[in-house]
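Here are the chains, one letter per residue:
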Amino acid sequence: MKKQFTAQLGLIGILAIGFMPNFGCQQEKTEQSATTQPTSEPTRSNSGTRLQVLRARLTVLDRQSDPLPGQGDSNHRKIMSGVFTDYVQILLLLEAPDRTNEFEQQTRIIESSARELSNGSMELAADPIIDNGMRALYRALEHITRDEFGNAEPLTTNLADLRQTIDGLDVERGSLHRVQAAVAVRAANRQIHLLTEELAIRIGEGQPAATIFGSSQPAP
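S.K.: I keep staring at the overall build of the chain and nothing clicks. Help me out?
M.R.: For the chain, the helix and strand inventory stands at 10 helices and zero strands. In the chain, the succession of helices and strands from N to C terminus is α-α-α-α-α-α-α-α-α-α. Evaluated residue by residue, the chain yields a buried proportion of 36% over its 220 residues. Looking at the chain alone, contacts between residues at least 24 apart form 71% of all its contacts between residues at least 6 apart.

Below is the structure:
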């Protein structure tokens, strides 16, 4: 009887060990899960970093767009393709993380315009491609100005000026269209500068956007 009782105790012990939770494995899995979690976009988690990257992108954009209008169709296409690429990167920094489908659509149009100008056939007229890209840019900036910055001044005034310059693309072709595109790009750049400095105010840096340029006229 004693041997039978001892055997039963041994069996119970084995079963208990078999059903005992493996805390070591669970801890290892937890640590692995923690290390494999996707990290948030750095420009979103750190507003200072976001602003720093945004200003660096703006410097590149200003330098890229400075030669506009391009000298001839081929050169103009090349410059505008680079400008559109810069716009997409900047828009993604200005917009909130929870981007709308409409905003994503506008950035895709701008990206498509950049590709067509860079890799598309020279037989395709550049003017309509540039028009589509600039209109998509306007809609994206309008969305950001309204939804992210509450239509603050002088953002809305400059946005209206940008709309007029983009509308002017419809009536110009050839070399005059290139000149008008340059005017529209500079108005767009100005709006982005204003949005960037407004963002700086909201995170405790910079000065009010209204004092940066002083008026609705482009900075010299």
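Continuing now.
S.K.: Explain unusual backbone geometry here, please?
M.R.: With glycine set apart, most residues show a phi of negative sign, and most peptide bonds adopt trans. The amide bond that connects L68 to the next residue, P69, takes the cis arrangement and shows omega of -5 degrees. In this structure, P69 sits in the loop between α4 (47-65) and α5 (73-94). Here E153 and P154 are connected by a cis peptide whose omega angle stands at 5 degrees. Along the chain, P154 falls in the loop between α7 (126-147) and α8 (155-167).

S.K.: Sorry if this is basic, but what is going on with the environment of V185 here?
M.R.: Here V185 shows up in helix α9 (residues 175-202). V185 sits in the buried class, given a relative accessible area of 1%. Each C-alpha atom of the pair V185 and M134 lies 8.0 Å from the other, and the pair is 51 residues apart in sequence. Those residues in contact with V185 that lie beyond four places of it in its chain are S65, L68, M80, V83, Y87 and M134.

S.K.: How should I be thinking about the pattern of salt bridges in this particular structure?
M.R.: Summed over all chains, the structure comprises seven salt bridges. In this structure, D131 engages R173 in a salt bridge whose closest nitrogen and oxygen atoms are separated by 3.9 Å. With a gap of 42 residues between them, D131 in helix α7 and R173 in the loop between α8 and α9 connect regions that are remote in the sequence. By relative accessible area, D131 is classed as buried at 4%. The partly exposed category is assigned to R173, whose relative accessible area is 46%.

S.K.: Please explain the nonpolar core as it appears in this structure.
M.R.: The tendency in soluble globular proteins is for nonpolar side chains to be buried side by side. Among the nonpolar cores identified, the biggest contains 46 residues, and F84, Y87, M134 and L141 are the most heavily contacted of them. Of all elements in the fold, only α4, α5, α6 (101-119), α7, α8 and α9 reach the threshold of two or more residues within this core. Sort the elements by how many residues they give to this core and α9 lands first, with 11 residues. Every residue in contact with L141, bar those within four places of it in the chain, is listed here: L91, L159, L162, A188, Q191, I192 and L195.

S.K.: Mind showing me how you'd approach the packing of aromatic side chains here?
M.R.: Aromatic rings considered in pairs are described by the distance between their centres and by the relative angle of their planes. Following the criterion strictly, the structure yields one aromatic pair and no others. When the ring of F84 is compared with that of Y87, the centres are 6.4 Å apart and the planes differ by 55 degrees; the resulting orientation is tilted. Here F84 pairs with Y87, and both are found in helix α5, just three residues apart, close to one helical turn. Accessibility expressed as a relative area gives 0% for F84, which makes it buried. Exposure remark for Y87: the relative accessible area of 0% places this residue in the buried category.

S.K.: Help me out: how do you make sense of the packing of α5 against α6 in this one?
M.R.: The description of two helices packed together rests on the angle between their axes and the distance between the axes. Across the interface, α5 lies against α6 with an axial gap of 8 Å and an inter-helix angle of 155 degrees. In this view, α5 runs roughly antiparallel relative to α6, as classed from their interaxial angle. With respect to the hand of their crossing, α5 and α6 are arranged in left-handed fashion. Residue-level inspection shows R77, M80, S81, F84, T85, Y87, V88, L91 and L92 of α5 in contact with α6, the latter providing F103, T107, I110, E111, S113, A114, L117 and S118.

S.K.: I keep staring at the side chain of T145 and nothing clicks. Help me out?
M.R.: By the secondary structure assignment, T145 is in helix α7. Accessibility expressed as a relative area gives 0% for T145, which makes it buried. Polar contacts involving the side chain of T145 include one to the side chain of Q191, which spans 3.1 Å.

Cut-offs used in this document
Residues numbered from 1 in each chain as written. Predicted model: local features only at pLDDT ≥ 70, side-chain atom pairs only at ≥ 80, totals over all residues. Heavy atoms only, no water. Helix = DSSP H or I, 4+ residues; strand = E, 2+ residues; numbered from the N terminus. Buried < 20%, exposed > 50% of the residue type's maximum accessible area, 1.4 Å probe, protein only. Contact = heavy atoms within 4.5 Å. Salt bridge = Lys/Arg side-chain N within 4 Å of Asp/Glu carboxyl O. Core = buried A, V, L, I, M, F, W, Y, C linked by side-chain atoms within 4.5 Å. Phe/Tyr/Trp six-rings, centres within 6.5 Å; stacked < 30°, edge-to-face > 60°. Axes fitted to C-alpha atoms, helices over the stretch in contact; angles between N-to-C directions. Parallel < 35°, antiparallel > 145°, perpendicular 65-115°, else oblique. Left-handed = near helix turned anticlockwise from the far one by under 90°. Polar contact = N/O pair within 3.5 Å; in protein donor to acceptor, adjacent residues only side chain to side chain.

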